[in-house]
Amino acid sequence: MSSQPQGRPAGGRRRSPQAHAAILDATLGLLAEVGYSRLTVEGVAARAGVGKSTVYRWWSSKGTLVIEALHSRLNHTPVSITKDTRADLRAALLATFESFADSAIGETIPAVAVDLLRDPDAAERLESLLQPPRDSVRAVIEAAADSGDLPADVDVRLLQDLVAGTLLYRRLLRRTSPDPVVDQLLDLILDGRVPRAEQPQDSPHVEPVADTRTIRGHFAGPT
């Protein structure tokens, strides 16, 4: 993560708090009105009442500006660890889904993702934007490993990616309710139960075959 102080631009000149707030507010307003692809730095500067050069002096690109504006409105509450691993992980997964469900964040991530390959600073800031819900998942997984509910050498980063990737995909592309997929992820992570496809209502009923295979050990970290 960048060590650059939040209140001081890369060039060393301290930001005016009033201008900084006006630019972020203007960015959020235009983002809601026209979307990421049609938002321009010139439009933001005009609405904020500052020069375009001021915006570019403090943000290297449209992507970095938009991500910081989204970050300024993010209000993520860390999940409390109660020692009920399933309940704690469910809370963390739902909080992650809700972060993506925020209309501004959820609609902007796919658009800004196009710019990330050529904008490393924006990619770093996006990772920072998405870090709070990842931290909640990490805290629950580490507590579960300490209590014996998960292997001591569980690959935490892999599970964080599994959760974030699945929930982001389901929220942005399928627009589904979080409950079914959250339950499947809980079964997969905590019990090693592979998700099964739902049977069509008109299909003949087939009794499930007992299956003792699990993938629990696959989440262990490298030895």
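See the structure printed just above.
Residues numbered from 1 in each chain as written. Predicted model: local features only at pLDDT ≥ 70, side-chain atom pairs only at ≥ 80, totals over all residues. Heavy atoms only, no water.

A. Local environment of the overall build of the protein. Within the protein one finds nine helices and zero strands. A buried classification covers 39% of the 223 residues belonging to the protein. Only carbon and sulfur atoms are counted for the fraction: they give 52% of the accessible area of the protein, which is about 12800 Å². (Helix = DSSP H or I, 4+ residues; strand = E, 2+ residues; numbered from the N terminus. Buried < 20%, exposed > 50% of the residue type's maximum accessible area, 1.4 Å probe, protein only. Areas by Shrake-Rupley, 256 points an atom, 1.4 Å probe, with all protein chains shown as cover.)

B. Representation of the pattern of salt bridges within the structure. Inspection of the entire model under this criterion finds 13 salt bridges. Its salt-bridge partner being Arg86, residue Asp191 comes within 2.6 Å of it at the nearest N-O pair. Placement of the pair is Asp191 in helix H9 (residues 178–191) and Arg86 in helix H5 (residues 85–101), with a sequence separation of 105 residues. For Arg86, a relative accessible area of 33% translates into the label partly exposed. Among the ionic pairs, Asp121 bridges to Arg125, the shortest N-O distance being 3.5 Å. Of the two residues, Asp121 and Arg125 are both situated in helix H7 (residues 120–147); the distance of four residues between them amounts to about one turn of the helix. Judged by its relative accessible area of 27%, Asp121 falls in the partly exposed class. On the basis of relative accessible area, Arg125 is assigned to the partly exposed category, the value being 24%. Salt bridges sharing common partners tie together Arg86, Asp187, Asp191 and Arg193. (Salt bridge = Lys/Arg side-chain N within 4 Å of Asp/Glu carboxyl O.)

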